[in-house]
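The residues making up each chain are set out below.
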Amino acid sequence: MSDYSQTNLPSKSVLVGSNAMNTTLDGIDASRELALTVARSAEERKAGDIVLLRVAEVSYLSDYFVMVTGYSRVQVRAIAGAVEDDVEQEWQRRPIRTEGKSEGSWVLQDYGDVIVHIMMPKEREFYNLEAFWGHAERIDFPVSGPEGD
């Protein structure tokens with residue numbers, strides 16, 4: 001992870017194209033919908049243990065965290081690539097910053113209102129972000145199983 005400040009960076013992810021969606025939708029929490037898009041994208045790449053946390057009430061960092069597990073460095077990178085592609089296609093947004101992609105054991109994608117953590121099992125267990133942010137609201141994400149495919 002990077003240890004330098006982001007003081008002069010925008011607080012929202014970078015919008016792509018002239019028809020970029022606004023971050024507020026009529027009566028819909030756009031940040032939540034973006035987090036769900038990330039989760040679905042990760043699930044399509046066979047990510048495990050997908051957790052969505054609404055951290056807006058307990059942190060100024062972001063509105064939502066999405067945490068997923070990849071079981072190899074290649075899979076972690078593939079999940080990160082799929083998330084970036086799907087968010088760009090559906091939301092016309094790119095992350096403000098992406099860290100850890102070259103190492104592939106923990107990739108962080110910062111979209112401003114949604115922060116994505118894609119981790120190998122060892123890193124996920126060691127850092128235990130779910131426990132650290134245990135006071136945040138957990139958002140249900142229906143995982144498709146063999147019967148839902």
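The text that follows walks through the structure, step by step, so that each part is easy to find.

For the rest of this paragraph, the subject is the pattern of salt bridges. Inspection of every chain in the model, using the stated rule, returns eight salt bridges. Overlapping salt bridges bring together E84, E88, R94 and K101 as one network.

Counting residues in each nonpolar core, the largest one holds 27 residues, and the members touching the most others are L52, V68, V114 and I118. By residue number, the principal contributor to this core is helix α1 (residues 30-44), which donates seven residues. Setting aside residues up to four positions removed in sequence, I118 forms contacts with V68, V76, I79, A80, S105, W106, V107 and Q109. In terms of nonpolar packing, the next biggest core, distinct from the first, is built from 12 residues, V51, I115, M119 and L129 among them.

Relative to the elements of secondary structure, R97 occurs in strand β5 (residues 97-99). The exposure class of R97 is buried, given its relative accessible area of 13%. Of the polar contacts made by the side chain of R97, one reaches the side chain of E99; its length is 3.1 Å.

Before going further, it helps to examine the sheet that holds strand β8 (residues 137-139). Read across the sheet, six strands follow the order β5-β6-β7-β3-β2-β8 without closing on themselves; strand pairing throughout is mixed. Edge strands, defined here as strands with exactly one partner in the open sheet, are β5 and β8. Averaged over all adjacent pairs, the angle separating strand axes in this sheet is 20°, with direction ignored. Sitting on the sheet, α1 touches β2 (48-54), β3 (64-69), β7 (114-119) and β8, and the angle it makes with β3 is about 5°.

Our next topic: the packing of α1 against helix α2 (residues 73-91). One way to put it is that α1 packs onto α2 with a least axis distance of 9 Å and a crossing angle of 135°. Here α2 runs oblique to α1, going by the angle between their axes. As α1 runs across α2, the sense of the crossing is right-handed. Touching A30, E33, L34, T37, V38, S41, A42 and E44 of α1 are I79, A82, V83, D86, V87, E90 and W91, all from α2. Split by residue class, the contact of α1 with α2 holds nine nonpolar, two polar and four charged.

Rules behind the numbers
Residues numbered from 1 in each chain as written. Predicted model: local features only at pLDDT ≥ 70, side-chain atom pairs only at ≥ 80, totals over all residues. Heavy atoms only, no water. Salt bridge = Lys/Arg side-chain N within 4 Å of Asp/Glu carboxyl O. Core = buried A, V, L, I, M, F, W, Y, C linked by side-chain atoms within 4.5 Å. Buried < 20%, exposed > 50% of the residue type's maximum accessible area, 1.4 Å probe, protein only. Helix = DSSP H or I, 4+ residues; strand = E, 2+ residues; numbered from the N terminus. Contact = heavy atoms within 4.5 Å. Polar contact = N/O pair within 3.5 Å; in protein donor to acceptor, adjacent residues only side chain to side chain. Pairing = 2+ DSSP bridges. Axes fitted to C-alpha atoms, helices over the stretch in contact; angles between N-to-C directions. Parallel < 35°, antiparallel > 145°, perpendicular 65-115°, else oblique. Left-handed = near helix turned anticlockwise from the far one by under 90°. Nonpolar A, V, L, I, M, F, W, Y, C, P; charged D, E, K, R; others polar.

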